[in-house]
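Letter by letter, the chains look like this.
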Amino acid sequence: MAEERKILLRLLQIINNNYTESDLESLIMSMVRLLLPLIRKQSGLYLRLAGYQPRDIALLTISPLFIRNRQGRFPVLEKLFNWKIVEKFMVARETDFRRYLKNILARRLKQTFYYLSSEIQPERNKIKREILYALKKLPGCRINRENGRTLITIGPDRPGKTGLKLLTAIQSERLLEICLSQGLGGLQVPKFFKKLVEVLSEQKVTAEIPLNTLLEAYIETQKNYLLAEAGNGLVTWTRPETGTLITDLNSWLEELRARNTQLLNRYLARNKIDKKEMEAYTKALNDLLQDWQEGGQEKSLFTYLKKYAPEISSEEYRREKRKILEYLVKTSRDFLKTKLHEQQATAGGI
Amino acid sequence: MTDRNSKRDADQELKDFCSEITRPPVFQNRIKLFHHLSQVSPFPHLVGFSGLPSYEIYAEKRAFISSDHSFLLRILHDHLSGRLEAHLLHPLEHKYRYAFILLESLNREFLTDLHGWTTLGQIDEERSLASVSVCPPSAVFELKRGQEPVQIYAEERLAGCQLKTEFFSVGPQLTLKVQLVNLAEAGEIKRMVLVIDGGETLIAVPQKDLVFYELPEGAQTLRIYLYE
């Protein structure tokens with residue numbers, strides 16, 4: 001029986017309230033399976049950078065359909081697939097139902113990206129603007145806008161000339177490899193691209209790629225640099241597809257946040273800070289951790305703290321607060337280093 | 001052969017992953033209840049205008065009690081509908097309001113209402129009530145439109161936990177995004193319940209500490225209950 005037919009029958013069981021847990025499980029799995037190719041097609045590295053894997057997005061898209069009420073009914077699912085609709089498709093062709101289902105899932109997927117946009121978009125947009133600004137000033141770079149797409153040509157001129165290789169969007173992983181192997185991590189945007197032009201000229205390679213691909217290469221390089229630096233250079237580059245490191249990083253960060261809260265509680269108990277200050281420190285540290293995940297520290301520690309404690313002056317910060325914040329940052333960095341060492345040791349990397 | 005095995009493994013992994021939504025939760029904050037053998041307490045007088053005295057409508061079947069004697073769960077049989085009802089009692093209101101009653105032998109959970117009341121339905125009494133637990137909310141937040149969520153109750157473990165909320169309108173539909181922030185180490189929220197204007201109740205399983213609720217029109221005051 002076709003997958004769509006099975007879905008339809010399971011929906012009917014749910015509407016009739018005579019489903020089992022395994023019916024629900026199969027229905028969710030079928031929907032996730034239908035969604036995964038759509039997600040893979042639409043999303044790039046940026047989902048993983050935000051700590052999401054395609055299946056997370058699939059489940060996040062589907063889970064609102066399976067929110068129950070106290071009577072054990074599924075209001076959203078039953079609104080989308082009510083009696084009338086299911087009955088109509090029971091006698092219609094399977095292709096019609098497939099189209100209807102795909103439309104619904106695609107629409108909901110779009111909504112999920114919209115709901116998650118605050119987590120996965122703003123930092124990227126900021127970096128994208130910086131990249132464009134740097135590229136405009138850099139000799140050896142050309143920016144072409146065609147049909148709403150921004151295409152960047154970076155490297156020596158005239159790629160068609162003998163001896164020059166052309167790198168296109170399809171070979172974007174090769175570009176990332178060049179960035180990582182040439183040690184471009186840790187460089188600010190202008191220096192990063194200046195160095196990249198030099199490296200590409202040396203290697204006689206010209207890259208002709210969309211701005212988004214360039215952005216992904218930049219972010220991934222910075223992220224790898226951060227992890228490698230924290231591990232004292234013991235971390236060798238692995239393909240970004242491996243989701244384990246991101247999963248580990250997320251759990252480490254959660255652990256780290258809890259440790260920081262504990263430390264701050266101790267300061268609070270000793271009357272070194274008050275509750276309001278504790279909250280400001282917690283939020284500032286959370287922002288810093290987020291920035292570490294997204295390429296590195298962006299501003300001074302004072303600026304991180306001032307965002308949540310605007311009344312604080314720079315003198316006051318230097319006199320009383322800096323010690324505390326620097327200590328928390330140092331312990332956080334040490335914590336991540338230790339975790340990376342442990343992971344390397346377990347994986348036989350040392 | 002290896003390909004088939006790896007496909008099977010991938011399928012199993014996906015199945016395990018998807019079953020998070022349907023799998024009965026293993027609540028960390030679960031409190032085991034024991035059969036209470038003493039004299040059953042008087043019948044409730046919440047029977048409306050049926051015209052029948054309460055004892056003719058309800059028969060108290062069993063009572064359960066927690067080891068510290070703080071929770072009392074009364075199982076009543078509704079003669080009119082033939083269903084079993086459960087009434088949870090505790091001196092503190094946040095312990096009996098919107099608490100999960102877990103019937104472990106059935107692998108099912110039931111959520112009480114504002115009065116600690118829930119309908120168990122037409123279930124086999126002997127088998128279903130062999131092992132009963134209760135899971136009260138670990139934290140409660142109140143949310144009003146245009147305001148930040150306010151924590152109105154939290155157990156010690158979740159004292160630092162915060163909610164980040166955002167409203168989205170997709171056409172006429174209003175969606176509420178709820179994200180858990182500052183969850184303590186090793187803390188995991190197994191269920192998140194949204195009570196809309198003290199009435200409609202939506203039970204969600206957070207994914208990546210996130211839940212998207214689709215709200216009915218005109219929703220004003222929202223309460224969010226977290227269960228570990």
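Sequence order sets the numbering: in each chain, residues are counted from 1 along the sequence as written. Working convention: letters from A go to chains and numbers from 1 go to ligands, in the order in which they are written. The predicted origin of the model limits local features to residues at a pLDDT of at least 70 and limits the giving and counting of side-chain atom pairs to 80 or more, whereas totals for whole chains, interfaces and linings rest on all residues. Side-chain numbers come from the whole structure's heavy atoms, not from hydrogens or water.

(A) Quick peek at the layout of surface pockets. By volume, the second largest pocket is sized at about 850 Å³. A 1.4 Å probe that fits into a set of points on a 1 Å grid over the protein atoms alone but cannot get out defines a cavity; an open set with protein on both sides within 12 Å along at least five of seven lines defines a pocket, and lining residues are those with an atom within 4 Å of a point. Considering the residues around the second largest pocket, the lining is formed by 35 residues, among which Tyr19(A), Arg68(A), Gly72(A), Arg108(B) and Glu109(B) are closest to the centre. Segments assigned H or I by DSSP are reported as helices when at least four residues long, segments assigned E as strands when at least two residues long, and all are numbered from the N terminus. Contributions of two or more residues to the lining of the second largest pocket are made by helix H2 (21-42) and strand S1 (68-69) of chain A together with helix H1 (2-22), strand S6 (108-111), strand S7 (117-121) and strand S14 (200-204) of chain B. Broken down by class, the residue content of the lining of the second largest pocket amounts to 16 nonpolar, 12 polar and seven charged. Taken domain by domain, the lining of the second largest pocket gets at least three of its residues from each of domain 1 (31-135) and domain 2 (139-227) of chain B. Grid points are joined across faces, edges and corners, and a volume is the space filled by probe spheres set on the points. The nonpolar class holds Ala, Val, Leu, Ile, Met, Phe, Trp, Tyr, Cys and Pro. Asp, Glu, Lys and Arg form the charged class, and all remaining residues, Gly among them, are polar. For the domain bounds, the source is a domain assignment made automatically or taken from a database.

(B) Expanded view of the packing of helix H1 (residues 3-15) of chain A against helix H6 (residues 83-91) of chain A. Residues and elements named next belong to chain A. Note on definitions: angles span 0 to 180 degrees between N-to-C directions of axes, and those axes are lines fitted to C-alpha atoms, for helices only across the stretch in contact. Relative orientation of the contacting elements H1 and H6 amounts to 145 degrees, with a least axis distance of 10 Å. Here H1 runs over H6; the crossing is left-handed. Note on element contacts: H6 touches H1 through Trp-83, Val-86, Phe-89 and Met-90, opposite Arg-5, Leu-8, Leu-9, Leu-11, Leu-12 and Ile-15. Within the contact of H1 with H6, the residues separate by chemical class into nine nonpolar, no polar and one charged. Less than a right angle of anticlockwise turn of the near helix away from the far helix marks a crossing as left-handed, whereas a clockwise turn marks it as right-handed. Any pair of residues with heavy atoms lying within 4.5 Å of one another is described as a contacting pair.

(C) Summary view of the packing of aromatic side chains. Residue and element names in this part refer to chain A. Ring geometry is summarised as follows: Phe, Tyr and Trp rings, the Trp one being its six-membered ring, pair when their centres sit within 6.5 Å, and such pairs are stacked at plane angles under 30 degrees, edge-to-face over 60 and tilted between the two. Counted by the stated rule, this structure contains 17 aromatic pairs over all chains. Taking 5.0 Å as the distance between ring centres and 40 degrees as the angle between the ring planes, the aromatic pair formed by Phe-89 and Tyr-100 counts as tilted. Of this pair, Phe-89 sits in helix H6 while Tyr-100 sits in helix H7 (residues 94-115), placing them 11 residues apart in sequence. Arranged with centres 4.8 Å apart and planes meeting at 85 degrees, the rings of Phe-192 and Tyr-218 form a pair that is edge-to-face. Remark: Tyr-218 occurs in helix H12 (residues 211-230) and Phe-192 occurs in helix H11 (residues 189-202); sequence separation between them is 26 residues. Accessibility here uses a 1.4 Å probe with only protein chains present; expressed as a share of the type maximum, an area under 20% marks a residue as buried, one over 50% as exposed, and anything in between as partly exposed. Among the residues examined, Tyr-218 registers a relative accessible area of 9% and is labelled buried. Three or more aromatic residues joined by ring pairs form one cluster here, namely Phe-81, Phe-89, Phe-97 and Tyr-100. Charges are assigned to positions over rings by a cutoff of 6 Å between ring centre and Lys NZ or Arg CZ, combined with an angular limit of 35 degrees from the ring normal. Taking the ring centre of Phe-89 as reference, the NZ or CZ of Lys-88 above it sits at 5.2 Å.

(D) Expanded view of the pattern of salt bridges. Should a side-chain nitrogen of Lys or Arg be within 4 Å of a carboxyl oxygen of Asp or Glu, the pair is scored as a salt bridge. What the rule picks out here adds up to 17 salt bridges over all chains. Between Glu78(A) and Arg73(A) there is a salt bridge, with the nearest N and O atoms lying 3.1 Å from each other. The class for Arg73(A) is partly exposed, based on a relative accessible area of 23%. When the shortest N-O distance is used, the salt bridge between Lys144(B) and Glu142(B) registers 3.9 Å. Within this structure, Lys95(B), Glu155(B), Arg157(B) and Glu228(B) form a network of salt bridges that share partners.

(E) Inspection of H11(A) at higher detail. Residue and element names in this part refer to chain A. To estimate how far a helix should extend, the number of its residues minus one is multiplied by 1.5 Å. Taking 1.5 Å as the rise per residue, H11 with 14 residues should run 20 Å; its terminal C-alpha atoms sit 20 Å apart, in good agreement. Turning to H11, its buried residues number three or more, namely Val-189, Phe-192, Phe-193, Leu-196, Val-197, Val-199 and Leu-200. Across the axial projection of H11, the buried residues extend over an arc of 165 degrees, all falling on one side. Counted as exposed and oriented over 90 degrees from the buried face of H11: Lys-191 and Glu-202. Here the arc refers to the directions that run from the helix axis out to each C-beta atom.

(F) Structural view of the packing of helix H4 (residues 54-62) of chain A against H7(A). All names here are of chain A. Contact geometry for H4 and H7: axes closest at 9 Å, N-to-C directions at 105 degrees. When the interaxial angle is binned, H4 and H7 end up roughly perpendicular. The segment H4 lies against H7, with Ile-57, Leu-60 and Thr-61 engaging Leu-105, Arg-108, Leu-109, Thr-112 and Phe-113. In terms of residue class, the contact of H4 with H7 is made up of five nonpolar, two polar and one charged. Roughly parallel means an angle under 35 degrees; roughly antiparallel means over 145; roughly perpendicular covers 65 to 115; every other angle is labelled oblique.

(G) Up close: the pairing of strand S5 (residues 100-103) of chain B. Residues and elements named next belong to chain B. Alternating residues of S5 divide into Phe-100 and Leu-102 and Ile-101 and Leu-103, and every residue in both groups is buried. At least two DSSP bridges between two strands are required for those strands to pair. Strand direction decides the pairing type here: S5 and S6, joined by four bridges, are antiparallel. What sits directly across from Ile-101, in S6, is Phe-110. Following S5, the chain reverses through four residues before pairing antiparallel with S6; Asn-107 in that reversal takes a positive phi of roughly 55 degrees. Bridge analysis of S5 against strand S8 (residues 132-135) gives four bridges, and the strand direction is antiparallel. If you follow Phe-100 over to S8, its bridge partner there is Cys-135.

(H) Inspection of the sheet that holds strand S15 (residues 210-215) of chain B at higher detail. One open sheet holds the three strands; their spatial order is S11-S12-S15 (chain B), and the pairing between them is antiparallel. Edge positions in the sheet fall to strand S11 (162-170) and S15 of chain B, since each has one partner strand and no second. Neighbouring strand axes in the sheet, compared pairwise and without regard to direction, differ in orientation by 20 degrees on average. Pairing of S11(B) with strand S12 (residues 173-181) of chain B involves nine bridges; the strand directions are antiparallel. Note that in S12(B) the partner of Glu166(B) across the bridge is Lys177(B). Lying on the sheet, H7(A) is in contact with S11, S12 and S15 of chain B; it crosses S11(B) at an angle near 135 degrees.

(I) Expanded view of the interface of chain B and chain A. Taken together, the contact pairs 38 residues of chain B with 38 residues of chain A. Put simply, buried area is the surface a 1.4 Å probe can reach on two separate parts but cannot reach once they are joined, added for both. Here chain B meets chain A over a buried area of about 3500 Å², counting both sides, of which 62% is carbon and sulfur. On the chain B side of the interface with chain A, the three residues burying the most area are Phe17(B), Thr22(B) and Phe212(B), jointly 19% of the side's total. Counting the contacts that link chain B with chain A gives two salt bridges. Of the charged contacts in the structure, one is a salt bridge between Asp56(A) and Lys208(B), with a shortest N-O distance of 3.6 Å. As used in this structure description, the phrase polar contact means that two N or O atoms lie within 3.5 Å; if the pair is within protein, one of them must be able to donate a hydrogen and the other to accept it, and residues adjacent in sequence are counted only when both atoms belong to side chains. Inspection of the chain B/chain A interface yields six residue pairs in polar contact (both at pLDDT 80 or more). No other element matches the nine residues that H1(B) contributes to the side of chain B that touches chain A. For the side of chain B that touches chain A, the class distribution of residues is 16 nonpolar, 11 polar and 11 charged. In this structure, S1(A) lies alongside S14(B), joined through two bridges in antiparallel fashion. Bridging from a neighbouring strand, Asn69(A) pairs with Leu202(B) of S14(B).

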